[in-house]
Amino acid sequence: MSQQRGQLNETDLLESRCLIGGTWLGGNAAPIAVDDPFTLEDFGQVPNLGEAETQAAIEAASEALPTWAARPARERGAILRRWWELIELHRDDLATLITRENGKSIREAQGEIDYGNSYMEFYADEATRALGEIIPSPIPGRRLLAEREPVGVCALITPWNFPLAMLSRKVAPALAAGCTVVCKPSELTPLTALAFAKLGEEAGVPPGVVNIVTGEARAIGGALTSSMTVRKLSFTGSTPVGVLLAEQCAATMKRTSLELGGNAPFVAFDDADLEVAVDAALTAKFRNGGQSCIAANRIYAQKGIHDRFVSALAEKIGAMTVGDGFDESNTVGPVIDERAVAKIDSHREEAIAGGAQCLAGGPSPGGRLSRPTLLAGVAKDAQLTREETFGPLAAVIAFDTVEEGIALANNTPFGLAGYFCTSDQATIAKAARQFQTGMVGINTGLISSAHAPFGGVKMSGLGKEGSHHGLEEYLNVKYVCQAGL
């Protein structure tokens, strides 16, 4: 980069306060330090807020709701479009913040801005498409209507791996629908969310419509889930936390959207185009350094293509480099913390102890760095087949028949995304139908789009984000029966 490492062009985007009711506030408790995963140095801090401040944010969102919901959809969309323009204008600074607090490569951070901002653009237009219905009445003299109206105040809880995109794809449809929000970003990567909110304020988002609170997850989450004022919770994160939040929301009958853990299979069938399969596997596995809920966690190769597939993967992965995300020569940056390194190392060593061979990469070199690694000959019941590795570790398992490949893909309680590569139309139809996942990528490892519904089945969650389905998650359907006509 031409500028000093991690330096922002607009320094005001590095915010150390939270936004509640249109006011930027600090906290009374000791602040939370935010560190750089590569240098391990603290470079920012955010307030450590709790229940009282969260209640204040809920009240602010509640007060702002009637006016925002009554605002014409076209006007809400215009504000979202202006917000989209400002994010585009500050793309480099926002990407710098992401790399600084998350560690991912600057190119991937820029890609996240583009992807996350596509939701702002999409829902700026989609705001005017929350259409109702006129239902033919079975009784003369009556008119039956199904109207759509905003759910109300929404709690949005987002993870650290995509600090802008996970927030924008919740905030954009919520605001487009006429809802107001209280957002709780991860304490590991809160600075991008605060910068995002500052740009929203500049775009004309009224006070109280968007509130950002940072702090202890249990206290903030408890306040959000127990509140009768909050009528919906949208959460992206681990399955155990998602289950806990769903249980807590049940007492107040909140609507929930839960995008939870994955254990995505990638299946290369014998008739796959080798180059296509290798490129798709690399994208599905190593995007964001493997720290993605839809990352290919289990890679299966049919025996007819297995050796060629593994050989080509080994060559590509062996050429990858790990290091500072601001160094554009590096393929991947550091992982988020030391626990992530330990989990990756544990999965690798357990697989090797079970007979796997390491064909590229190897042990972590230190700090929060984890080498892009390829294992072959992995046992079908290895630990990494049962748990998300969430890192740059690719493990290939051989199988015999198409039916076995599909069965292996489905051999998990999770069902977020799945990938397969084949040239045979019959196999495409069969596998796409039989994969027990909410999303399927065929001959590609890149499937996310603001125009398509993102979400899983089984233990990977409930609800959809993106497309018109994502807007409907923030709308209630009200039946109106008018008689005497």
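The structure we're discussing is the one just above.
A brief report on the enclosed structure follows. These numbers were taken from a predicted model, which means no experiment stands behind them. (Residues numbered from 1 in each chain as written. Predicted model: local features only at pLDDT ≥ 70, side-chain atom pairs only at ≥ 80, totals over all residues. Heavy atoms only, no water.)

### A short note on the overall build of the protein
Along its length, the protein carries 15 helices and 22 strands. Rg of the C-alpha trace for the protein: 23 Å, near the compact-globule value of 23 Å for 485 residues, within the 12% margin. Based on the C-alpha atoms only, the size of the protein along its principal axes is roughly 70 × 60 × 40 Å. The burial tally for the protein puts 55% of its 485 residues in the buried class. Of the contacts made within the protein by residues no fewer than 6 positions apart, 74% connect residues no fewer than 24 positions apart. (Helix = DSSP H or I, 4+ residues; strand = E, 2+ residues; numbered from the N terminus. Rg over C-alpha atoms; globule rule 2.2 N^0.38 Å. Buried < 20%, exposed > 50% of the residue type's maximum accessible area, 1.4 Å probe, protein only. Contact = heavy atoms within 4.5 Å.)

### Examining the sheet that holds strand β5 (residues 133-135)
Taken in spatial order, the three strands of this open sheet run β5-β6-β22, and their pairing is antiparallel. If you trace the sheet from one side to the other, it starts and ends with β5 and β22 (475-482), each paired once. The sheet shows a mean angle of 25° between the axes of neighbouring strands, direction not considered. For strand β6 (residues 143-150) and β22, the ladder comprises eight bridges, and the chain directions are antiparallel. Across the sheet, residue Leu145 finds its bridge partner in β22, namely Val480. (Pairing = 2+ DSSP bridges. Axes fitted to C-alpha atoms, helices over the stretch in contact; angles between N-to-C directions.)

### Quick look at the pairing of strand β18 (residues 417-421)
Taking burial as the measure, the five residues of β18 include five buried ones, the bulk of the element. Neither face of β18 is open: one carries Ala417, Tyr419 and Cys421, the other Gly418 and Phe420, and all of them are buried. As paired elements, strand β12 (residues 264-268) and β18 share three bridges and run parallel to each other. If you follow Phe266 over to β18, its bridge partner there is Tyr419.

### Quick notes on the pattern of salt bridges
Under the criterion given, the structure shown has 26 salt bridges. In this structure, the salt-bridge partner of Glu15 is Arg17, at a minimum N-O distance of 2.8 Å. The class for Glu15 is buried, based on a relative accessible area of 5%. In this structure, Lys232 engages Glu473 in a salt bridge whose closest nitrogen and oxygen atoms are separated by 3.7 Å. Here Lys232 is found in strand β10 (residues 230-236), whereas its partner Glu473 is found in the loop between α15 (467-472) and β22, with 241 residues between them in sequence. Glu473 shares its class with Lys232; the two are buried. (Salt bridge = Lys/Arg side-chain N within 4 Å of Asp/Glu carboxyl O.)

### Focus: the nonpolar core
Membership of the largest hydrophobic core comes to 63 residues, with the highest contact counts inside it found for Trp83, Val171, Leu175 and Val210. For Leu175, the contacting residues outside a window of four places in its chain are Trp68, Arg76, Leu80, Trp83, Val181, Val205, Val209 and Val210. Core analysis: the second largest hydrophobic core is formed by 34 residues, Ala264, Ala301, Leu416 and Met439 among them. (Core = buried A, V, L, I, M, F, W, Y, C linked by side-chain atoms within 4.5 Å.)

### What about the sheet that holds strand β13 (residues 296-302)?
Ordered in space as β14-β15-β16-β13-β12-β18-β19, the seven strands form an open sheet in which the pairing is mixed. Each edge of the open sheet carries a strand with a single partner, namely β14 (357-360) and β19 (439-442). Going from strand to strand, the sheet's axes swing by 25° on average, the running direction of each strand aside. In terms of strand pairing, β14 meets strand β15 (residues 373-376) through three bridges, oriented antiparallel. Following the sheet pairing, Gln357 is matched in β15 by Ala376. Here helix α14 (residues 425-434) sits on the sheet in contact with β18 and β19, set at roughly 165° to β18.

### Notes on helix α6 (residues 191-203)
The end-to-end C-alpha distance of α6 is 19 Å, a good match for the 18 Å that 13 residues give at a rise of 1.5 Å each. Where burial is concerned, most of α6 is hidden: eleven out of the 13 residues are buried. Within α6 the residues assigned to the buried category are Leu191, Thr192, Ala193, Leu194, Ala195, Phe196, Ala197, Lys198, Leu199, Gly200 and Ala203. Gly204 occupies a position one or two residues after α6 and carries a positive phi of about 110°. (Expected span 1.5 Å × (residues − 1).)

### Quick notes on the packing of aromatic side chains
Here the structure, examined in full by the defined rule, presents nine aromatic pairs. A centroid spacing of 6.1 Å and a plane angle of 70° characterise the contact between Phe269 and Phe420, whose relative ring orientation is edge-to-face. Of this pair, Phe269 sits in the loop between β12 and α9 (274-286) while Phe420 is found in strand β18, placing the two residues 151 residues apart along the sequence. Ring centres of Phe420 and Phe435 lie 5.4 Å apart, and the angle between their planes is 65°; on these two criteria the pair is classed as edge-to-face. Residue Phe420 is found in strand β18, and its partner Phe435 is found in the loop between α14 and β19; the two are separated by 15 residues along the sequence. Take Phe420 and Phe435: they sit in the same class, and that class is buried. Of note, Lys198 hangs over the ring of Trp24, and the distance from its end group to the ring centre comes to 4.9 Å. Over the ring of Tyr474 we find Lys232, and its NZ or CZ is 5.0 Å from the ring centre. (Phe/Tyr/Trp six-rings, centres within 6.5 Å; stacked < 30°, edge-to-face > 60°. Lys NZ or Arg CZ within 6 Å of the ring centre and 35° of its normal.)

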